[in-house]
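Chain by chain, the residues:
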Amino acid sequence: MNGREIADFLDWEFLTADDELVIEARLPSGDDVVFDVERPEGETMGVDLEPPSIRRCANRCEFCFIEGLPKGMRKPLYIRDDDYRLSFAYGNFATLSNLKDRDFERILEYRLSPLYVSVHATPWEARKVLLNNPRVPDILAQLRRLAEGGIQFHAQMVIVPGLNDGDVLEQSLQDLWSFDDAVISVAMVPVGLTQFSHLYTGRTMDRATALPLLETSERWAERAIKERGHAWVYGSDELYLLARRELPPIEYYGDLPQIENGVGSVSALRARVRTHARELPWLGQLRIGVVTGTSMAPHMPELLDEISSATGAEFALIPTESSLFGPTTTTAGLLVGADIRRALGERKDLDLALIPAETINDAGVFLDDARFEDVRATFEFPVHPSYDFIDVLGEPEQFLRREAAIVAAR
Ligand code: SF4
């Protein structure tokens, strides 16, 4: 492309930004061909690229969620990606431990910012232990090199009790703070284990370990709000749920920089329900089952009461454990098709059920490979994936009519 070799989608994206392009290509036949392209302004190239080959992770963290997956799931779920390109493009967290000089040059040349970085700890020795990799580079030197070139970061710290809490955490926050506005946000996330986390030898996280972590994050956040105008460091929702502490209001999270990482999503849900419950249509005596994970269940009644008083609907909360990952995994998004069947299979008292939309992927498949369409077809009542209740209950005519037709046809 204009004399530069194309290695992947990043090169394609950045090197095709010009309107005049000379593309030298080798065809499958072996013939070389030169395309001289003048692109009308704003037109896309109309080219589909093959999916990129993913950069694999060189670490072996004891707490790795991939190592905690049961055997026999579909292959892509076992890919341990650690890819700065996906960090920039999709917000995947990367440790940067497999970065070569050429990668630094590309990040700086293409200004791949912000990057989402799994820092975990800044003291080098502690980070080697956490990533279970003695060859891991010094993250501070890496961040410095990139920050000097204008790159910004969102950082996450997966906290393993005894390894990166206490002094290591304090030092890490101090180091990240010293990067000034190059580090945009920091999330503290409790180590998440399943019954298959066979590598893990550390302590699990409980209320007693979660509470001091929140004290630390809130102390730093107080300073950040005073000096920088935003909280900067956030305990994840799971940390608050574990500590049985009230979650901060939505305003605390600013523009929700790490909502995809489970930071502020409960408060965002509450805010959405509060704002929109009154706009929902009257649903009469509709009996609605709500399937959720065990950690979120205690926080649901206040939301459901609010929707109930606005719509007249009655709600049945159905807290459900993950059969695939075991009782230590309490997150609603990790429920699988078998759990939904079990949770709703015996119910004769529902007109409609809502399940967490995060349980199915874009292709409509649960983590246990069950297809949503197959699962929903086993029930006499309609079942809908929902992110926040409002998304489904705001469209009652549509779902009632469509589902009535499906049920009648069965
Ligand atoms: S960095 Fe650690 S947690 Fe992430 S994929 Fe690699 S081994 Fe797993």
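These numbers come from a predicted model, not from an experiment.

Draft legend 1. Local environment of the sheet that holds strand β8 (residues 314-320). Taken in spatial order, the 4 strands make up an open sheet running β8-β7-β9-β10, and their pairing is parallel. Bordering the open sheet on either side are β8 and β10 (383-386), each of which pairs with just one other strand. Geometrically, the sheet is characterised by an average inter-axis angle of 25° between neighbouring strands, direction not taken into account. Where strand β7 (residues 287-293) and β8 come together, 7 bridges link them in parallel fashion. Bridging across to β8, Val291 finds its partner in Ile318. Helix-sheet contacts for helix α11 (residues 337-345) involve β7, β8, β9 (352-356) and β10, and the interaxial angle to β8 is about 135°.

Draft legend 2. Unusual backbone geometry, seen in detail. Residue Pro114 is reached from Ser113 by a cis peptide bond, and omega for that bond is 0°. Examined against the element boundaries, Pro114 turns out to sit in the loop between α3 (101-110) and β3 (115-118). For Phe389, which is not glycine, the phi torsion reads 70° and is therefore positive. Residue position: Phe389 is located in the loop between β10 and α13 (390-393).

Draft legend 3. Region of the structure containing a negative patch on the surface. A contiguous patch of negative charge, built from Asp18, Asp19, Glu20, Asp36, Glu38 and Glu41, is present on the exposed surface. One can find Asp36 in strand β2 (residues 32-38).

Draft legend 4. Region of interest: the site of the ligand. Near the ligand, the surroundings consist of Cys57, Asn59, Arg60, Cys61, Cys64, Arg80 and Thr95. Class assignment for the residues of the shell around the ligand results in 3 nonpolar, 2 polar and 2 charged.

Draft legend 5. Summary view of the sheet that holds β3. Pairing is parallel across the open sheet formed by 4 strands, whose spatial order is β3-β4-β5-β6. Taken across any chain shown, the strands that pair with only one partner, and hence form the sheet edges, are β3 and β6 (233-235). Each adjacent strand pair in this sheet contributes to an overall mean axis angle of 20°, direction not counted. The pairing of strand β5 (residues 183-190) with β6 spans 3 bridges and is parallel. Opposite Ala187, over in β6, you have Tyr234 as the bridge partner. The strands touched by helix α7 (residues 207-228) within the sheet are β4 (153-159), β5 and β6, with β6 carrying the most contacts at an inclination of about 155°.

Draft legend 6. Up close: the environment of Ala187. Inspection of the secondary structure assignment puts Ala187 in strand β5. In this structure, the C-alpha to C-alpha distance between Ala187 and Ala121, residues 66 residues apart in sequence, is 12 Å. Setting aside chain neighbours within four positions, we find Ala187 in contact with Ala155, Gln156, Met157, Tyr234, Gln258, Asn261 and Val263.

Draft legend 7. Quick peek at the environment of Val291. With respect to the helices and strands, Val291 occurs in strand β7. Sequence separation between Val291 and Ala316 is 25 residues; the distance between their C-alpha atoms is 8.6 Å. If we skip the residues at most four places from it in the chain, Val291 touches Ile318, Thr320, Leu335, Ile340, Ala343, Leu344, Leu354, Ile355 and Pro356.

Draft legend 8. Structural detail: the packing of aromatic side chains. In total, this model carries 10 aromatic pairs according to the counting rule given. Plain terms: the ring middles of Trp177 and Trp232 are 5.0 Å apart, the flat faces sit at 80° to each other, and that makes the pair edge-to-face. One end of the pair, Trp177, is in helix α6 (residues 166-177); the other, Trp232, is in the loop between α7 and β6, and 55 residues separate them in sequence. Side by side, Trp177 and Trp232 carry an identical accessibility label, which is buried.

Draft legend 9. Highlighting the nonpolar core. Of all hydrophobic cores here, the largest spans 91 residues; its most connected members are Trp232 and Phe389. When residues in this core are grouped by element, the largest group, 6 residues, is from α7. Contact partners of Phe389, with chain neighbours within four places excluded, come to Val273, Val290, Met300, Leu303, Leu304, Ile307, Leu354 and Gly394. If you look at the next biggest cluster of nonpolar residues, it comprises 18 residues, including Ala316, Leu335, Ile340 and Phe372.

Rules used throughout
Residues numbered from 1 in each chain as written. Predicted model: local features only at pLDDT ≥ 70, side-chain atom pairs only at ≥ 80, totals over all residues. Heavy atoms only, no water. Pairing = 2+ DSSP bridges. Helix = DSSP H or I, 4+ residues; strand = E, 2+ residues; numbered from the N terminus. Axes fitted to C-alpha atoms, helices over the stretch in contact; angles between N-to-C directions. Contact = heavy atoms within 4.5 Å. Patch = residues over 30% accessible without salt bridge, like charges linked within 9 Å, V, L, I, M, F, W, Y side chains within 5 Å. Areas by Shrake-Rupley, 256 points an atom, 1.4 Å probe, with all protein chains shown as cover. Salt bridge = Lys/Arg side-chain N within 4 Å of Asp/Glu carboxyl O. Lys, Arg positive; Asp, Glu negative; His and termini not counted. Charge placed at Lys NZ, Arg CZ, Asp CG, Glu CD. Near = heavy atom within 4 Å. Nonpolar A, V, L, I, M, F, W, Y, C, P; charged D, E, K, R; others polar. Phe/Tyr/Trp six-rings, centres within 6.5 Å; stacked < 30°, edge-to-face > 60°. Buried < 20%, exposed > 50% of the residue type's maximum accessible area, 1.4 Å probe, protein only. Core = buried A, V, L, I, M, F, W, Y, C linked by side-chain atoms within 4.5 Å.

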